[in-house]
Each structure stands twice: as structure tokens, then as C-alpha cells.
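Take a look at the letters that make up each chain.
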Amino acid sequence: MQKEIIIAGFGGQGVLFGGQVLAYAAMDNGLNVTWIPSYGPEMRGGTANCTVVIADREIGSPLVKNPPLAVALNLPSFDKYEEMLAPGGTLVVNQSMVDRAPKRNDIHVIFVPCNEIAEEIGDRRLLNMTAVGALLTALPEIKLEDLEKALENHLPEKHKKLLPKNFEALKRGFVHAQKEWDKVPA
Amino acid sequence: MQKEIIIAGFGGQGVLFGGQVLAYAAMDNGLNVTWIPSYGPEMRGGTANCTVVIADREIGSPLVKNPPLAVALNLPSFDKYEEMLAPGGTLVVNQSMVDRAPKRNDIHVIFVPCNEIAEEIGDRRLLNMTAVGALLTALPEIKLEDLEKALENHLPEKHKKLLPKNFEALKRGFVHAQKEWDKVPA
Amino acid sequence: MTTDNLVYERPEAFTETPTHYCPGCTHGVAHRLVAEVLEEMGVVNKTVGVAPVGCSVFAYNYFDADFVEAPHGRAPAMATGIKRVLPDRVVFTYQGDGDLASIGMGEIVHAAARGENITVIFINNANYGMTGGQMAPTTLPGMKTTSSPNGRDVETQGYPIKVSEMLSTLDGVGYCVRRSLHDPKNIRLAKKAIRAAFETQMRGLGFSMVELLSTCPTNWGMTPVASMKFVAEHMVPAYPLGDYKVSDAVKQIKVQG
Amino acid sequence: MTTDNLVYERPEAFTETPTHYCPGCTHGVAHRLVAEVLEEMGVVNKTVGVAPVGCSVFAYNYFDADFVEAPHGRAPAMATGIKRVLPDRVVFTYQGDGDLASIGMGEIVHAAARGENITVIFINNANYGMTGGQMAPTTLPGMKTTSSPNGRDVETQGYPIKVSEMLSTLDGVGYCVRRSLHDPKNIRLAKKAIRAAFETQMRGLGFSMVELLSTCPTNWGMTPVASMKFVAEHMVPAYPLGDYKVSDAVKQIKVQG
Amino acid sequence: MPKELWKGNEAIAEAAVRAGLEAYFGYPITPQTEILEYLSRRMPELGRAFVQAESELGAINMVYGAACTGARVMSSSSSPGVSLMMEGLSYIAGTEIPAVLVNVMRGGPGLGNIAPAQSDYNQAVRGGGHGDYPRIVLAPASVQEAIDLMALSFDLAEKYRMIAMMILDGSVGQMMEPAEMPAMREIRRRDYEWAVNGAMNRERRILTSIYLNPLDEEKTNLRLAERWNEVKTNEVRYKEYFLDDAKYVVVGFGTAGRVALSAVREARAHGVKVGLLRPITVSPFPYEALNQLTGQVEAFLVVEMNAGQMLDDVQLAVRGRVPVEFYGRPGGVVPFHDEILDEIRRLVSGPLAVSSNPRDSWLTRMYRNLKIAVP
Amino acid sequence: MPKELWKGNEAIAEAAVRAGLEAYFGYPITPQTEILEYLSRRMPELGRAFVQAESELGAINMVYGAACTGARVMSSSSSPGVSLMMEGLSYIAGTEIPAVLVNVMRGGPGLGNIAPAQSDYNQAVRGGGHGDYPRIVLAPASVQEAIDLMALSFDLAEKYRMIAMMILDGSVGQMMEPAEMPAMREIRRRDYEWAVNGAMNRERRILTSIYLNPLDEEKTNLRLAERWNEVKTNEVRYKEYFLDDAKYVVVGFGTAGRVALSAVREARAHGVKVGLLRPITVSPFPYEALNQLTGQVEAFLVVEMNAGQMLDDVQLAVRGRVPVEFYGRPGGVVPFHDEILDEIRRLVSGPLAVSSNPRDSWLTRMYRNLKIAVP
Amino acid sequence: MAAKGWIEVSDVYCKGCELCISACPQEVMELDMTRLTPKGYHPAHTFKDGCTGCAICALVCPDAAITVYREITKAAPVPA
Amino acid sequence: MAAKGWIEVSDVYCKGCELCISACPQEVMELDMTRLTPKGYHPAHTFKDGCTGCAICALVCPDAAITVYREITKAAPVPA
Ligand SMILES: Cc1ncc(C[n+]2csc(CCOP(=O)(O)OP(=O)(O)O)c2C)c(N)n1
Ligand SMILES: Cc1ncc(C[n+]2csc(CCOP(=O)(O)OP(=O)(O)O)c2C)c(N)n1
Ligand code: SF4
Ligand code: SF4
Ligand code: SF4
Ligand code: SF4
Ligand code: SF4
Ligand code: SF4
Ligand SMILES: [Mg+2]
Ligand SMILES: [Mg+2]
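Residues numbered from 1 in each chain as written. Chains lettered and ligands numbered in written order. Predicted model: local features only at pLDDT ≥ 70, side-chain atom pairs only at ≥ 80, totals over all residues. Heavy atoms only, no water.

Student: Sorry if this is basic, but what is going on with the overall build of chain G here?
Tutor: On a plain count of helices and strands, chain G comes out with two helices and four strands. Expressed as a percentage of the 80 residues in chain G, the buried residues total 46%. When contacts within chain G are restricted to residue pairs at least 6 apart in sequence, those whose partners lie at least 24 apart make up 57%. Accessible area for chain G stands at about 4,400 Å²; split by element, carbon and sulfur atoms hold 57% of it. (Helix = DSSP H or I, 4+ residues; strand = E, 2+ residues; numbered from the N terminus. Buried < 20%, exposed > 50% of the residue type's maximum accessible area, 1.4 Å probe, protein only. Contact = heavy atoms within 4.5 Å. Areas by Shrake-Rupley, 256 points an atom, 1.4 Å probe, with all protein chains shown as cover.)

Written as C-alpha cells, this is what we have:
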């Protein structure tokens, strides 16, 4: 088993941490995992992405050109990864930042209004968690509970009080995605 | 034809210039020549030597372990080069600084009281020229006149007034050596 | 009767490229002042700039002048090389405090000691901006950075270096002053100083440097406006503004405009 | 009645090796003073010296103490490394003016700025002795050297750097003075200063340096005696003797003996 | 110890601490700054020395000084910073003291960029400082390996009184992976018979790299060479994948080797008898392992994130007996595994000739590929 | 021009002046200081720029700056000083501007000594600075050759926008030989289309070595590699002696090659069919010439004043087809011709085997020899 | 009476740093929260009358984003 | 009355630099032109009486070649 995931968006959208949560969950499940960020030029700003590879054997390349799974939190990322996704793959798209329909029909595109959901929960910063939750629809190796445990175990102490809202964001993303999934032509 | 010559002594005895005069004369005679100094550690003092190679073809190694010709202006140099001289070679020794007889009998050793001659001429610094003059006895490729021309052509302008004394030193060294030569067992 | 009149516009000495600096970073102000001065002196066309390694590594994208990019700290050496073969050009370096006061200390001291006819614009923002906010030689005592996480401990991490004070001990220096960019008045004074520095160079009166107290909102973790206040309240007391060396010859310079 | 009494003998802190210095070179005097001070303080045994690249490269042959040999100019960095892992040892560098003020400018300024608890003995002989007498940053204006054959032209070859003046602008410096070795009185004063510098280190009061005006008879082309006169007449006026920085804490030190 | 998710750079820093690091001297530079930042907090917390040096030149000479005392010390940097350390490294080597340096390589030459690269192989393995001096160079491909090799670096450096360098590319430095940290080792300052640390009533000691008499320097050079022979005998390390029946062997270190593993697996899935040899010590280089393989193999493929540097070592091992082909992505580009897969396919479909310079044909292919890939 | 007796270092300096040197930046270091000293007098006399820099780091970056303007400039140093220039050289290479550097090599590693050595071959040819960058390296063996190669260095550097380095050992720098100086060339500051010299009403220009996007940096790397192919095609230079019927070939550069000539001649006098190939460009290396010779030759002997560096290049060319043997004197020792003669005799008397590392057997022999020679 | 002026803020350069706003002596500037520049910043603008064209905003703007104009009263001709 | 002293100059260290000679306040030193040290220098020595044991020669000697002695009059015991 090996799964490659790319999470992409603007800096500040929690792209890197989103990937780390997945990595923690995979590790806690006894899987091998790599998390690798796009570390930008020696200066601020711009877009960010990270690649997470999960496998049950020694992981070779930590990078992937055509991932089967991706999350696009903004329009540039949607443009880029829609093109690059492996056929049959799944792309979670932050509907809040994207105003176009998918172009390809050989992939699953799941639209999630991440910003809206996060704001409903009461913390804009949780938009990454809604997307990660949504991704689980296509990542049966990791369960919602795994992510919750990962957050519990690895969220820095000072952020622990945010756990319930994080859980909620994960869950609402997941639930939304499952509904969407049924709509997506296979 | 190829001849290797080492000139050795204390720093200040004019060892390097002595070799250069030979090199100039050889060059002016259309021969190939290399002159290479022992360049000491990055500080003052100690002994000095230079190696001159004269040849009528492209010169390979500018260094030689067992030279056929050498000049020893002090005792340490006598000790060293008496040992290293090629069998049949000629060693000019500054008798003024040396109080022992030669040990080898398969080489020609020519004693020249360089300091005394130089002081008689009236310039201690000319002791190197007396030794170089003496060496010509065993270096038929270069004539006394060649050295004189070399000095005339290459002595820095400000030292030109010393030319006659230089000539005298060369000549007296040469004459002395020829007398000695006759004494040396072949 | 009234007519329209343009009071201020973006200097022509700038290219059209927007800078990559963080919002509110006064690197931009320093750039603008240099551009205005070069334009007012009419020398843009014969200027060669030397960009450093630091946030201003891409300075060459913003000035409409010839530019080279130096290894970290070596801008004064490159500027020396350029000025020595092109003595009639205007040569300046633009350097951060990590670049100039840490790794490049040898080069700046010697360019100054040689009285190299170059101008140095020195941006003191009390940290290494580009690499993410590490301690610089200019970091204030007690100031937290990513490499002084508990605040700069002067016992183990040393004391701030006052570059203008230090360089002004050198005979080769024609003009060496410290200014600040934290409010309109000081920005105006900074511009005057930059002009004086370039005039020093044009007249061959030796090494000239303007140290500019500058902000780094991103790594200081403050808003741009709060950063300006930080400069006024903490940087200026530690780095007093003033003229550290103005040689007699430079004092003679009268500039119109 | 009278009894024999030894007034002075070669310090025990010296090995038996004769130095390789030219006759009359005051590197030897500086060595002797350091040896005497270390001996008097009873710290030879816990001293680590750092020799430079320069005529004093073989300093380690003469002191009966542990020694390392640094790359040209980097002695202060090596000393920093040593002192940081062995804070209770006495660590000093011995450096020439080419070593310290030219290639090693960055390292000395930063060791000083960090207030590194080391002592620096700085031999200012106005040229590069070891490599045969080239211009140093300290070469006097107009002075002929093998790389300023027509005399140092300050216009193209820069002005002398006054190292003590420069370093004393740094807060990390506890003790920074200039002395000279050109006559008995000044040699005595130099020794006192060397003592004060090591005492500064022993008490953890920061960076200490003694700059010593020194001769280079060989490359100056003078007799040793004439060289001493040259120092008095030409070096001292250019490099005024004095205390450039003595921190308040250091001023408190009272030394017996 | 349980596994934790570690970022490469921080893992290296913590691994050094656990190996008994007594002092760290460094200067910020991307993509290794996290090592310095981590230690700026961690070292003082443990009462150990941390100095942010004025420059890489300062840093390496602080390492030099501290290492002379017998303490476990290190520095870390990235390509341009490491170039500034060349004089110091040569001195350290000439003084025969142990020192550890980490180079988290980035794209070059010059300022280049901060993307992952492997283009300092030659500098680390062959060139760099002046003079003849051997040094141990270790090339981890994962966070766990970086942790393990960190401790090993200190041990080897001290065992052989030699520089041990760890070279990794920016991606290993920036990557997070589950990894196990070893237990904290106690610091025991060994009073090595050579350590200069204040005589304290023993005979005084001197550490220097000067040998004014060339014959003495020559003996030093030969002593270093002799010690290197020991290293070559004892310390060659590499990892093998699917080599038993391999007809084609890919050779790559660090990330390039790791990416190659994915390609090799995929090729195997398609029935191609291809294996992978990933050198862990690139110096000493596994010449003998490659020599042995040459008997069974039809061609080698060297994969690097540079323009062909380790390639020379592979060719020296193979000595023209079978073709050696090259695929490299220089300048900070990390290859994807499918590119390497394409190369393996090319090897299999042949024909190949033994050539003196596989770089030439690679360059032609690159121009062709890039003209497609990069308009 | 008539021949004059020139000291190597001064000849190099004057040759540079005659080639149109516009500015020199350097720092004293034995055994090359005469270059700096000579130019400190000569350059101002001609109204040209001379700066004694604060360090070699300063010097190379002054060269970098001045070279960016399109001026003919150079620096010179010796081994430890050259190590300090590695970052700067990498930047110059990455910026694709011409610059000339002379390394008068001395014994190392570390401070070592000031005796003649060839142990910076790897640094010059392969390693040194970070990143992949080619550079031209010329190795004169005589004063006349140094003069001739000096002018050529500038011409090649400018033609290929590349670093041209001249490496020679201290003995060539210190030696005097009759030599002919070329006529003084006029300085003509070419306004290269890349030169940064003050816009003066043209489009402004930028010179930098940054390529933040790895794909751009990769293209730069490939462009450099492509240009290097041109250099390889056009600029390989070497000298042949007695190769026509040679069964044994000695390969050595600079002084080692020159000393070998004496040995080869003497061996020929004894009827041994031995020849000499002396590379003049060690980069680009005469691989093809050696490749060709491999057909006719029974064994090669590589002679160097180091512990075996060019040896790798010879082995890469020969590719194991015939044995390559090694003889080196590291640490500042210049071999005498009779030592090389002994080695030639050893080759002739055989038996020899192709080995992956001729250094091993050399080391054994050295230990044996030195135990005799140096008690 | 104070001069009357106005400014233009370039969407290309403005990064919404608010330095101009805090410097404007007439306090007539604010960020335009209704608009985003192509780079995603809320740009500065004048939100009420009172600009004197003093150019202080331009003086502090790190991005040279502001152009300043002023209506001037034709005064008595000044001798050249 | 001046104290009476004497010195010893080591042949191993003395390089005949004459610094001691020019520093000696009693002018009792000179180079001994009749002797050469093993390194080939004429060493310093006192050539006449009058040395006070002031040790100034030793103070200036760059080669720590001089040992200085002085006959001292036993004075009244000094309290400890
Ligand atoms: C030799 C070398 N060392 C380190 C770096 C990494 N580096 C890039 S910028 C920088 C610091 C810049 O700080 P500063 O000069 O203060 O400029 P700022 O970004 O604050 O304007 C460093 C350390 C480098 N590029 N090269
Ligand atoms: C990196 C490097 N550059 C240059 C040199 C050559 N060098 C040796 S000593 C020296 C100058 C020494 O002068 P100074 O420090 O003044 O000491 P002095 O000999 O005058 O006491 C130089 C340039 C070197 N060894 N290493
Ligand atoms: S990091 Fe700091 S110095 Fe750099 S651009 Fe941002 S605010 Fe300015
Ligand atoms: S060269 Fe000068 S500094 Fe060096 S030992 Fe001789 S006199 Fe002293
Ligand atoms: S100062 Fe400039 S960049 Fe900042 S908000 Fe005002 S106009 Fe925009
Ligand atoms: S010109 Fe003056 S008054 Fe008008 S907006 Fe700018 S700062 Fe305010
Ligand atoms: S001790 Fe005093 S008086 Fe005696 S020789 Fe020495 S200097 Fe002269
Ligand atoms: S000062 Fe010392 S070395 Fe010089 S002459 Fe006197 S005793 Fe001899
Ligand atoms: Mg800064
Ligand atoms: Mg000096």
C-alpha cells in the first residue's frame, strides 16, 4: 500500500499543518510516512504546499508528480493539481475560494466550502481541517478517529483547548465530502 | 650536453646571484638554462642554495640529486655536497670557511680562499664571484669572457661601477682554481 | 485661479516591478530615497549598484540601473573592484546588518579604511530578515529572535555593534552618519544624508555610509505601524542618530535642491 | 656584609628553544613579557595559547604551555572555540597586524563584540614580517614596503587602521590599551598592561587586548637600535599610546606584584 | 523509544545533542537554519555551548579550536557557507583532529537557490580545501538515517582523527518522517593523548598543521593515507535493494537514491531485473561492491541531483567493463521517479556502448527532454 | 623580442600586464608574493589599478566586481589563500563572467609549508566551490609556458565566460629561465553585451548567480555544461614526448611532468620504449589522447607531486584496459628524476595487474622507500 | 486656508501596510476594506475630504504606491 | 653608593642585536668581537666595571639571553 497526497494553498491557510496531521495519524497507525514541504525562497509570502506519502513499506520517493490525492485550498492550486492528478484520483477543492467547475472528468473532484464551514464553527483557521476531513473519504487507511487521536497526541499543549473545534471541523468536512462523493460520477 | 651545478652557502654570501651570473652567461651563449633557488621558510636567516642546469636541449628536471658540479661556500655545504656529488664531479670549496680535507677521492675538490681573495680585491661581497670563476675550470661550456659579458649586460645599473672588481674576482678565482686543478689527482 | 500640479510621484529611477518586501517593511522606503537621490543628481545612468544577500538580494529588480549581486557580506569588495576599473561611475552597495556587520565585517572596515570612493546604504533592522529572523550583531540586548529564543543574552551572545561609531574611527571615511526611517521627519533627514553620501562620492572625498534604522515587521512579529514605534522607542536610544564623521572636505559641500 | 642575589633570569614559562626571530626583533620582548606575566600569575599550567600565521607562527615552540596554531587571521575564532568548552582555562591569542587587522578583521571585531573572555596580544610592526615586508593595514602613510614601493599612498592604498581606537567602541571590550616596546620604560608599562589584560580574563570581565608597537628591523632595513628609535619617532605619534577602554569593573582590579 | 515525527534538520540537531555534542558553532543559512535555531534553544538549556558565529569562516575555526581540546563539536551549513570553510577544513585535516560538519546542500553554483541539490559531492569527497586529505562523507536518505549517521559521524571522526561530513540535500533537512531518537549519551570528555586543553601538570602539547620540512609533511600525508586505508577497510557502508539477480543496477545516494527506489520497484513490477545500490558512505566509496556487481550486470545507471559527480567514482569502480549511464537533475531539481523509470527502460531497450563520458549523451537527452518539458 | 632571464612569478605578472591586465587584486602569500609585489610597482606605473586586498576573500570578490564590468582582471595566491576563494569562484562561475586566477601551489593540507606541490589539482579541476561548474585549468611546466599560458588564460576566460585558472607549483614560480615576453597588447575594454558598467543610455544590465526557480538554475547548469563541451572540443592541450613507439607512457603535469622528461630520456638511452604525455590543460583533460594511446601501450605511469589526484582522470581515460601505476611525492617534495626512472624500470620488469586503486601499492612502496631514505 | 490636494494609490504597489494612514496629518486615509488588490491586499485610499497634498503619505510609503497632487493658487509671478 | 652587579649572557640565546648595549644606563656593555656564538653572532658582554645589576639590559633583551645578579647589602630586617 502506498498513497501520495498533496495539500496546497496560500501561506497562512494551514497547508503544512494539515499535512502533518495526516502524517501523525499514519505514524500512529504504524504506517511509514513522509511529509515534505515546499520550502519557499528565503523570504515571506506566496503559496505553499506539502506532500505526504503513506505506505506500509519503506518509502522511496517522497515526491510525486501525479498524486492520486490532493487538496487545493485556493484557485491556483486547483488549476495546478487538477491538471496533475493521477486519473481516477480525488481532489478536494476549497469551494470558498474557487468559482469554476472542474475541467477533467476522469477524476473525483469534491468541493467543500472550507472557509464557510470553519467560520460557522467559529475559527477561520480551521479551514485546513475541514479539507483534511474531507480527504478521508478517499483515504480509507486513515479514519476520522485516527486524526482525532493524532491531534490529541500532537497538538501543542497551548492549543489543546481548540481540540473540540478541530474535531468538529474534521468531521464536518468528512460528512460534507461523503455527501458530495455520492454526487461525483465514478 | 647537460650540466647541473649547485651553489650553496650561508644567506648573504651571494649564492643566488652567483648562480644567476652563470645562468645569464649560458643564456647569452644560446644555451637553455634553469636557475632555481632553495626558497626558505617564510622568515629570515639560514642557509641558501641554488641549482643551475645548463643544456643544449629542452631541460627536464631543474633539480638534481647528484650534481657533477658544485660550489660550497661554507662548511655545512661542503659536508653535504661532498657526499652528494656525482663520481668524477668537481666541487669548489671556499677554503676560508672550511678547515678539513676532503673525504672522497673520486671527485675533484678545488679549494679557493674566496674570502681572502675578495678582501684583497677590496670587497668582501665578491667572494661568490671568486668561486664562480673557479668553477669554470670544470665548465668548459662557459668562458671567463662570457661571465664578464653577462655581468656587463645584466648587473643592475647602480652596481655597474663594481664591474672591474667583479671581473678581477672572477679571474682570480679562475686562475687560482687552474693552479689547484693541476694539483688534484684526476 | 488654480492649476493642477503634481506634488509627488514614483521615481523614474525605479522599474515597474513591485518589491517582494513584506507590507510596511522600510527596506522599501530606503530604496525609494536612494532612487530619488540618484534621479535628482542625474546619475542613474552611470550608477552601478551592488545588491547583498539578505532581503534586499533582489534590489536589482527595482532600480532602473546596472546592478550586480554580491556574495553574503562581500558587496564592499565587489564595489571596490568595480570602482577601481570604472572610477567615473557612481558605485554603491546596499547591505543589511547581517551582511555588513556580521559576515562582511572585514570587507566593510577595509573599504572604509582604504577610503574607497563608494557609498554604502546600511539597513540596520536588528535581525536577519531573509533567513527568518535570527539574531544579528545589531539585535538589541534581550530581544527575542529565532536564534536567541530567550532574548539576546549579552553574556553569551555578545553586545550590539554600533557600526557607525566604529567605522567613524577610520581615516578613510569621508561621511558616516546614522539616520532612521521611522517617521516623516526622519525619512526626510535620511534622504538628505543619502544625498550627502553620494555627493561625497562624486567629489572623490572618500568612503561614505548612511546607516538607516529600519523595520522588520514580519520577524519582529509586529504590525508595520507598531514597528515604527519600536524603532523610535527602542532602536533610536540604542543607536543614537547623528553625524559620526563628516570630514572637513565633505562639510564644504553645498547642495542645491 | 653582602650576599649574592638573582635579580633577573629567563622565565620558566619559556622552553629552552631559541627563537627564530631576527636579531633585535621585539616579538621576543613581547613573548618574554607574556611568559613573565603568566608565570607570575601562576597560570602557565592552565593556559592555552593560539599562535597566528605570521613571524610568530612558531610561538608555540617558545612557551612552556599548551598551544594551537590558527589559520591566518582566525586565532580569535579558535580561541573562542577553546574558551567556550574550557571556560576555566586561560586562553590568549598572539597576533600580528596583518593577521589581526587585515585578513582577521572580522574575527577580532566579533570576538571583541561578543565580549569573549580571551586575551589578545597584538603586535603592530607596521608590516607583514613573515612574507618579507609587504604593506600592512598599519603601515604608516608614505612608508616604503615591498608592496608599496613608492611609499604607502593613502589615496590608493588607504589609511592606517587604529585598531585599539576602533575596538574600544565595542561594548564587549573590558580592556583595550596600546603600549610600545621601544624602551625600558615602555616595556615596563607594556608588561603591566599585559598583566591587567590577563587579570581581566581571569575575572571574566570580557575581551582584553594589548596592542604593542613593535619593530621589524629586517624588513624596515634598519638596525635593531635604529628600529627602536623609529618606533619612538614615527610609530608612537601615529599610534598614540594610552588606555582606550578600561571598563569600570576592570578599573577595580588591584594586582599585587 | 517510540517513534516521533521529526523534521530532518531538527532531528539532526537533537541526534547530535544525544550523541554528546558539547558545543555548536554555526551561521544561519537556508535550508539548514533549523539546526542552528534548534540548538540555540537546546544547548543553553543543557548548559552546553552554542555560538552563532560571525560567519561560516568564524564557525569552522571555532570548531577547529574547540575540537583541539578533545570536545565533541560540530558546525552545519549549506553550500555557499561550506565553501567558506575550505581553508579551515584543510587545517583541521592537517592537524589530525576530529570534527563534524553537516552540509544541507542547495542549488548552485553561486547564490543559486535553496532547493534540494547534491552538487557538493565533489567538494565533499575530493576537492574542497587545498592539499591531500581524506575525510569521511556520509549521505543519509531519510530522517532516521540522518539521526543514526549523526552519532556515527562523531564516533568515526574521533576514531580516525578525521573530518566526518554529513551531506544531505535540502529535502531531507526539511522533510518530516517518523523516527526513533537514540537515548541521551553522557558527555565524557576523553583526555585524548593529543588534546590541547591546558597542560595541567602533564607535558605540554601542541596542535598545528605546519611541517616546514617537506619530508615531514610528506610523512604526514602518508600517515593520513595509511589511516584512510583503515577507513576504507572498515567503514564502507551502503544499502542494497534487489541486487541478487539484478542485470541492471541503479546507483544513487541520498534523495536521488531514494527516489530511484520507487522507480526500481515499479520496474520490478514490470518484470525488469533491476536493483539499486545506495551508498551511505560516499567516502569511503563502495568501490568493491560495485566491482563485484560488474560481473553480473549488463549496465549501471547513476542517478544524481547534479551534473554528474559520483558518476566518476562509479566509473572508476566499473573500469569500462560494462556501460555506465547517467541521469542527473542539477540546479535544485528533485527528479520524479517516473523519470528514472524511463531511464531504466532506456537501459533495458539498449543498445548501449561503453563510453568515456556518459555526461555527453545525458546532456543531449536533457536538452531534448527539457525542450519538451520547459518550453 | 630577445630572451631575458625571468623569475616565474615575475614573468607571470609581466605577461599578465602585456596581455592587457587592467586591475590586479591580491594578498601576499609565499611562494607567489612576487606576483603581487611586481604588480604593486608595475600597475600604478602604467596607470592601472592595483589593490592589496584585506584578504583572499576580499581579493576574489574585487576580481568578481571588476570582472563584471568586462575588464581584464586577475588575482593570484597559493593553496590556503585559494581555499578562501571557493565561495567567490563559485559565484563567478554561476554569473558566467570571465576571471583569471593563478595558484602557485605549496605543500599542504593546512598551513603545511611553502615548498612546491601539486596537491590542489582536485580543488582546481573538480571540487573547490559548491555547485556544478566547469573551469579551465592550465598547468605550465616552465617559465616560458607560464608566460604563454597567462595570455591564453585571459583569452579563454573571455571566450567562454568562464574561470581560467593557472596552477603551478612553487618551483616554477621561483625558478628563473630564459624566456621571451610577448609584445604589449593594447587594452581595449570590450563592451561585452553582458558587462555591467553603468547603463549609459542603453538598457540596464544585471549580473547575478541567483536562479530561484530550480528549473532556471538547471538550465543554467546545462548551459554551462554545453559550453564546457565546446571547451572540451576546442581547447585540450598537451605535450607529447617519444610517444610514437612507446610501450610505456608516463603522464605528469607541470614540474612533475618536466622531471619525468629527464627520466624518460634516460630510460630511452637505455633502450626502454617509454614516452611522456604532459597535459597542459588539466581541465579540459586530454582524455581522448590517452584513450588513443591505450591501444598501443602496455602500462601507464602517473607521476604527481601529491598523493594521486590526476590519477583518477588517467584511470577514467584508460578504463582498466591496461594497468595504470602511480608514483607521487606529496607534502612539498619534488621528486628527482632517478626516482621516476626506478618506477619506469619497475613497470618494464612487470608483472603488473589492472587494479582499481594504484594508490594502495604506491603507499606500500613509499613506506618501504622512506623507511630506507628517512630513518 | 489649507491647500487642497488629492492622492492616487496604485493597486499594483500598495500592500495595505497602513503606514500612510498613520502618518497622514489630516487623518483622511484608511484601508479600503471593500476592495482587494490583485495581490490580495486592501489598498489605502482617502475616505474623506481634507487632503492638503502635503505628500507625507508618499514620503512614508515603502512601496512608492502613492502619487500626490495639489491645486495651487497662481501667485504673483516669481522673478526668474 | 651604587649597588654592584653583574650579568651573564647566554651564548645559546644572544643574537648580538645590541639593544641591551644601547639601553644599559651605565654604558658597560658591548659586543664581544672576539667571540662568535654557535649561531654565528658576536654576543654581548660587559667590558668594564660599573654594572649596577639594574636589569635594564635584561628588560630589553628580545631573546631572554641575560641573567642579572646583584650583591646586596644586608639592610635592617624588614618587617614581614
Ligand atoms: C555565505 C552565506 N551564509 C549565509 C547565507 C544565508 N543568508 C542569506 S541572507 C542572510 C542574512 C541577511 O540578513 P541581513 O543582512 O540583516 O539582511 P535583511 O534580510 O535583514 O535585510 C543569511 C545569513 C548565505 N546566503 N550565504
Ligand atoms: C590565508 C593565508 N593568506 C596569506 C598567508 C601568507 N602569510 C603568512 S604570514 C602573513 C603576514 C603576517 O604578517 P603579520 O600578521 O603582520 O605578522 P608579522 O610577521 O609581521 O609578525 C601572510 C600574509 C597565509 N599563510 N595564509
Ligand atoms: S522579512 Fe523583514 S526585512 Fe525582510 S522584507 Fe520582510 S519585513 Fe522586510
Ligand atoms: S621579519 Fe621582522 S617581525 Fe619577523 S622576525 Fe624578523 S624582524 Fe621580527
Ligand atoms: S503606505 Fe503605501 S503600501 Fe502602505 S498602505 Fe499606504 S499606500 Fe499602501
Ligand atoms: S497628501 Fe497629506 S493630507 Fe493628503 S492624504 Fe497624503 S498625507 Fe494625508
Ligand atoms: S644590569 Fe644594568 S648596569 Fe648592568 S649591564 Fe645590565 S643594564 Fe647595564
Ligand atoms: S639584547 Fe639580548 S640578544 Fe641582543 S645583544 Fe643583548 S643579550 Fe644579545
Ligand atoms: Mg537585517
Ligand atoms: Mg606585522
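Student: Looking at this structure, I do not really get the coordination of the magnesium ion (ligand 10). What am I missing?
Tutor: By definition of the ideal shapes, four donors in a tetrahedron about a metal sit 109.5 degrees apart, and six donors in an octahedron sit 90 or 180 degrees apart. Residue and element names in this part refer to chain D. Coordination sphere of the magnesium ion (ligand 10), protein contribution only: Asp97 (OD), Asn125 (OD1) and Asn127 (O), at 2.0 to 2.2 Å. Each donor residue of the magnesium ion (ligand 10) belongs to the same chain, and together they define the spacing D-x27-N-x1-N. Within this pair, whereas Asp97 is found in helix H3 (residues 97-103), its partner Asn127 is found in strand E7 (residues 127-128), the two being separated by 30 residues in sequence. Summarising the burial analysis for this pair, Asp97 and Asn127 share the class buried. (Donors = N, O, S within 2.8 Å, 3.2 Å for Na, K, Ca; no water.)

Student: Even after reading the chapter, I still don't get the pattern of salt bridges, so can you show me in this structure?
Tutor: Oppositely charged side chains may form a pair once their charged atoms are brought near each other. This structure, assessed with the given rule, holds 113 salt bridges over all chains. As a salt-bridge pair, Arg258(E) and Glu177(E) come within 2.7 Å of each other at their nearest N and O atoms. Here Arg258(E), found in helix H10 (residues 254-269), pairs with Glu177(E), found in strand E8 (residues 176-179); they are 81 residues apart in sequence, far enough to count as distant. Across this residue pair, the class does not change: Arg258(E) and Glu177(E) are buried. Two residues, Arg18(F) and Glu14(F), come together in a salt bridge whose shortest N-O distance is 2.7 Å. On the criterion of helical spacing, the pair formed by Arg18(F) and Glu14(F) is a turn pair, its members being four residues apart in helix H1 (residues 8-18). A relative accessible area of 1% places Glu14(F) in the buried class. A cluster of three or more residues bridged by salt bridges with shared partners is formed by Arg32(C), Glu36(C), Glu40(C), Lys191(C), Arg195(C), Glu199(C) and Arg203(C). (Salt bridge = Lys/Arg side-chain N within 4 Å of Asp/Glu carboxyl O.)

Student: I tried to follow the site of ligand 8 on my own but got confused; where do I start?
Tutor: Val9(H), Cys14(H), Lys15(H), Gly16(H), Cys17(H), Glu18(H), Cys20(H), Ala44(H), Cys61(H), Pro62(H) and Ile66(H) make up every residue found near ligand 8. Taken together, the residues of the shell around ligand 8 break down into eight nonpolar, one polar and two charged. (Near = heavy atom within 4 Å. Nonpolar A, V, L, I, M, F, W, Y, C, P; charged D, E, K, R; others polar.)

Student: Help me out: how do you make sense of the arrangement of the chains in this one?
Tutor: Where the 14 pairs of chains in contact are concerned, the greatest contact count is recorded for chains E and F. One finds no contact linking chain G with chain H; the least C-alpha distance across the pair is 62 Å.

Student: Got a minute to help me understand the site of ligand 5 in this structure?
Tutor: Every residue close to ligand 5 is listed here: Val9(G), Cys14(G), Lys15(G), Gly16(G), Cys17(G), Glu18(G), Cys20(G), Ala44(G), Cys61(G), Pro62(G) and Ile66(G). Counted by class, the shell around ligand 5 contains eight nonpolar, one polar and two charged residues.

Student: Just to check I follow, could you spell out the relation of the copies chain F and chain E for this structure?
Tutor: Relating one copy of the chain to the other requires a rotation about an axis plus a shift along that axis. Once turned by 180 degrees and shifted 0.0 Å along the axis, chain F lies on chain E with an RMSD of 0.0 Å. Such a turn and shift between the copies fits a two-fold axis. The residues that chain F uses at the interface reappear at the interface of chain E in 100% of cases, marking a shared surface. (Least-squares fit on C-alpha atoms with pLDDT ≥ 70 in both.)

Student: Looking at this structure, I do not really get the coordination of the magnesium ion (ligand 9). What am I missing?
Tutor: All names here are of chain C. Note on the magnesium ion (ligand 9): its protein donors are Asp97 (OD), Asn125 (OD1) and Asn127 (O). The metal-donor distances range over 2.0 to 2.2 Å. Donor residues binding the magnesium ion (ligand 9) come from one chain and are separated in sequence as D-x27-N-x1-N. Residue classification places Asn125 among the buried residues on the basis of a relative accessible area of 5%. Taking relative accessible area as the criterion, Asn127 reaches 2% and is therefore assigned buried.

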